[in-house]
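# Fold and geometry: a report
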Amino acid sequence: MRGRQPRIVLLAMSALVATALVATAPASADPAKPTATGSKRSHLEDQKSTRHVRIQLAGADLLDKVVAAGYDLEHGLTRVPDGIEGEAVVTAEQIAELEAMGVRILGDDEGFSWSDVADGGFQAAGARAVQPLTPRAQAHEATVRVVRADWFTTKGQGFLYVEARTTEGQQADPIVLMQLENDSGAGTPFGFARTMSRFVDSGQYMFHRNLFKLDARPDQIRVTSSTGGVTTGKVSNWLENAPPPLTATPGYKSDFIDDYKHPQQLFSRAEEIARQYPDIAEIVYLPYKTNGYQRKAQATIGGTGQEAVVVSSAAWGHEGGNDITVEFVDRPGAGLPLTVEVAGKAIRVNLAKDASGALASTAAQVAAALKTQSQGLVDRAHPYRTNAGAGIVAPTSGPVALSDFLDEKRAGAPEGEVPRGQATIPVLRIGKHRDGRNPGVLIQAQDHAREWVPATTTLETAERLVHNYKTDKETKKIVQDTDIFLVLSNNPDGANYSFYNYASQRRNLTNHCADENADPARRNSWGVDLNRNYRVGSGHDGYAGGSTSCISNTYQGPEKLSEPEAKNIVWLVEKYSNIKFMMSVHSNGGQLFWQPGAYIADGRITTPRPPLGDEAFYWQSAGRILSQVKAYRETVVTPQNVGGSSDVLYSSAGNVREDLYHTYGIYAFGWEVGGSIYNPATGNWQGGSFQPPWHGDPALVSGHAETMEYANGIMEMFRVAAEWGRDKKKPTSQLVPGGGRYHGSADVRFETSEPATIYYTTDGSRPTLESPRYQATEFREPGQVFHVTETTTFRWFSVDAAGNVEKGYDPTKNDRRDNYRTATITIVKK
């Protein structure tokens, strides 16, 4: 708690993820090497012999290490008791490298899975007999607390998810075990004992948890620790009994998207919508142009040894770089100097010869000559990677053509040529009143290039808004009461590269690499992870999850906001200060999350957690949004995958959500669409992919189905924002069990009528916005309980998510009304 220390004794306590991952070429791989003869392999990745493996990492630190080495392990990971599990497609060489880093390659029957069978709990684990605390401890003395117990159904199957925490959870020797039991409905006995899984992240105990199937909904659970703590908790519904989606309304129009869309199609349609519906739509063009779908023309000449030379053009490939050729020539004679001749775009390097007539030019010398004597055609020339370039360069068999390796005509790519050069990103703005009076909602799709479903989901949302505005009353309310900003692709350069060149591209195309990583075989590893380039909780400030390696898939950039795509988002929310809600849409983890999104690994120090009122508002909104997703085909985003992203996913330093929430006060969500979906035929959860087949199994993995169901969720987010903007109702709150006389001590807590933040004092002063804020006991838990041992008067007020203050109290003024709430706890000494 912040503020002054109270005079009384207050003890705070409770009131009572796996899909297939692709490993991109790490440092040891060298795809598409140009040969010394001037011919080159396909510009696509080398199709080396690969295999699909399951992997286990000890924790977030090893994950960062593996990602920094160039492996793509950033989505679809599952936290397990022994660390993190995922899947990868790798070569035998890459398997050896992963094992050398400490990654465990799992066998076919290895790896963690939730057990649906009650294992007997402590009896099966061999723990000592456990007896409940007797007499029952007061709340402030409890060592075990239920964090959440959620019942949900999907495709005819019931599930129970439980999180519980013990105050002794950090203890490592011996590890404290937890046992879970459930009843079979109100009035039935507890049974079905099972051992709970202990969850530890970066060396810090988080909680114990379980997810398992049940045929009947329980009413209560009981959790017992191996050290004697015990507690019970009520089971809540998760995403049950949701209202029908807008798509169920007769005459409602939906299902507009027929396939994946590349950026040109997305932007063209956005501009067309603005022309077709000028009364409710317009285009806002972002000011910072991207660095472009363009590359310098390159070649690596002479293999990869000390004699190899990497050459890059000064001009972009499409602006003349692709016309350049370089030839290394062996002339007859002896004692000849190293010279460079240029004829048009043809560069001829005459290699030096010593007195005996042997070739004498090293790679370092040839590179230096090319940089200074190529008449401006060559921008960079250097030895291969970390080589010193001491080897003697061999002549080529002919001119070697430089190439930017951008080829939109490859097999399987969409038709049409990709515009070269910098790109301007259009924002589709939809709303009847686009003058700042209504709350703004920003939907940002495709920060990560390979994530194609977020773009189609956002476009489907736009189509639903404009096509149903005049015929559907709920859509009309949305358009009239919100100001919507849709970024259909925030990474058009990377997205084009993903569509046309390298499907697994995650980052933008900006190459910040120095010479040791600038050869063309590295081209699929260049770029900045835009969702690591923001200012709050940045890797530049020591937070985990962002890499300083320019070939890492989480490369954070050379500095904060180095990338135009990130600068554009900051510009947008600063120019349109009415933006109060934001959703950054990603795939394919099947999560919905918010702050905190990053932590410093040593001690797991997170960015500031939202106040309890904001946290409650996030959870309330998440329930509404995800209920609408479920309404389409019963896809359930499970409770374990909802909450602060650093708690349910991993630390992602410098993410956009953190910046927008802490800098501008915007409710900023992150959404991983797709992910695991329950398959009743197998009885298992089945993972998805970044680019699932568009017309795949509509009940399981399908780009079309994901687009439709998650568009439902975004539409519900608009309704949340619209209601927030109309909310003028003041919250109410109370101290429970309330003021009065208590013998010896009392345990009290605050309750509110809606998600709201409470500011309170206990020292006799009037409460203000600088007073201590009522907090959760620990993350993901309800509000703290105060153990009061001396007579104390609480003074407080509450503020809801929309800014309404209880009873109209003005905490900034010291007027006579002072209509804050008060309650006195009178302690009678025994």
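Scroll up for the structure.
Residues numbered from 1 in each chain as written. Predicted model: local features only at pLDDT ≥ 70, side-chain atom pairs only at ≥ 80, totals over all residues. Heavy atoms only, no water.

### Here we look at the packing of aromatic side chains
- Taken as a whole and judged by the stated rule, the model has 35 aromatic pairs.
- A centroid spacing of 5.3 Å and a plane angle of 80° characterise the contact between Phe159 and Tyr678, whose relative ring orientation is edge-to-face. Linking Phe159 in strand β7 (residues 157-166) with Tyr678 in strand β32 (residues 677-679), this pair joins segments that are 519 residues apart in sequence. Across the pair, exposure class does not vary: Phe159 and Tyr678 are buried alike.
- When the ring of Tyr809 is compared with that of Tyr820, the centres are 5.6 Å apart and the planes differ by 85°; the resulting orientation is edge-to-face. (Phe/Tyr/Trp six-rings, centres within 6.5 Å; stacked < 30°, edge-to-face > 60°. Helix = DSSP H or I, 4+ residues; strand = E, 2+ residues; numbered from the N terminus. Buried < 20%, exposed > 50% of the residue type's maximum accessible area, 1.4 Å probe, protein only.)

### So, the state of the cysteines
- Following the criterion strictly, the structure yields one disulfide and no others.
- At a sulfur-sulfur separation of 2.0 Å, the disulfide partner of Cys513 is Cys550. Here the disulfide of Cys513 and Cys550 is right-handed, its torsion about the S-S bond being about 115°. Of this pair, Cys513 sits in the loop between α8 (492-500) and α9 (564-575) while Cys550 sits in the loop between α8 and α9, and the two are 37 residues apart along the sequence.
- Since its relative accessible area comes to 4%, Cys513 is described here as buried. (Disulfide = S-S within 2.5 Å.)

### Brief notes about the sheet that holds strand β25 (residues 483-487)
- Pairing is mixed in the open sheet, where eight strands are placed in the order β15-β23-β25-β24-β26-β31-β27-β30. Both outer strands of the open sheet, β15 (281-285) and β30 (642-644), are each paired with one neighbouring strand and no more. For this sheet, the mean inter-axis angle between neighbouring strands, taken without regard to orientation, is 20°.
- Pairing of strand β27 (residues 591-594) with β30 involves three bridges; the strand directions are parallel. (Pairing = 2+ DSSP bridges. Axes fitted to C-alpha atoms, helices over the stretch in contact; angles between N-to-C directions.)

### Quick word on the nonpolar core
- Residues Leu428, Leu442, Trp671 and Phe718 are the most contacted members of the largest nonpolar core, which totals 101 residues.
- Looking at which element gives the most residues to this core, the answer is helix α13 (residues 703-726), with eight residues.
- Ignoring sequence-local partners within four residues, the contact set of Phe718 consists of Val441, Ile443, Thr461, Leu465, Ile478, Thr482, Ile484 and Leu486.
- In this structure, Phe328, Leu351, Ala381 and Val393 belong to the second largest nonpolar core, which totals 24 residues. (Core = buried A, V, L, I, M, F, W, Y, C linked by side-chain atoms within 4.5 Å. Contact = heavy atoms within 4.5 Å.)

### With respect to the sheet that holds strand β19 (residues 339-343)
- Strand order in the open sheet formed by four strands is β19-β20-β18-β22, with mixed pairing between adjacent strands. Edge positions in the open sheet fall to β19 and β22 (400-401), since each of these has one partner strand only.
- Sheet analysis places strand β18 (residues 325-329) next to strand β20 (residues 346-350), joined by five bridges and oriented parallel. Considered in β20, the bridge of Glu327 is made with Arg348.
- Sitting on the sheet, helix α5 (residues 363-373) is in contact with β18, β19 and β20, with an inclination near 40° to β19.

### Re empty space enclosed by the protein
- Approximately 90 Å³ is the volume attributed to the largest cavity.
- Its residues assigned to classes, the lining of the largest cavity shows three nonpolar, six polar and four charged. (1 Å grid on protein atoms, 1.4 Å probe; cavity = no way out; pocket = protein on both sides within 12 Å on 5 of 7 lines; lining within 4 Å. Points joined across faces, edges and corners; volume = space filled by probe spheres on them. Nonpolar A, V, L, I, M, F, W, Y, C, P; charged D, E, K, R; others polar.)

### What about the packing of helix α4 (residues 263-276) against helix α6 (residues 453-468)?
- Where α4 contacts α6, the axes come no closer than 11 Å and their chain directions differ by 15°. For the element pair α4 / α6, the angle class is roughly parallel. For α4 against α6, the interelement crossing comes out left-handed. For the pair α4 and α6, the contacting residues are Leu266, Arg269 and Ile273 in the first and Ala455, Leu459, Ala462, Glu463, Val466 and His467 in the second.
- Split by residue class, the contact of α4 with α6 holds six nonpolar, one polar and two charged. (Parallel < 35°, antiparallel > 145°, perpendicular 65-115°, else oblique. Left-handed = near helix turned anticlockwise from the far one by under 90°.)

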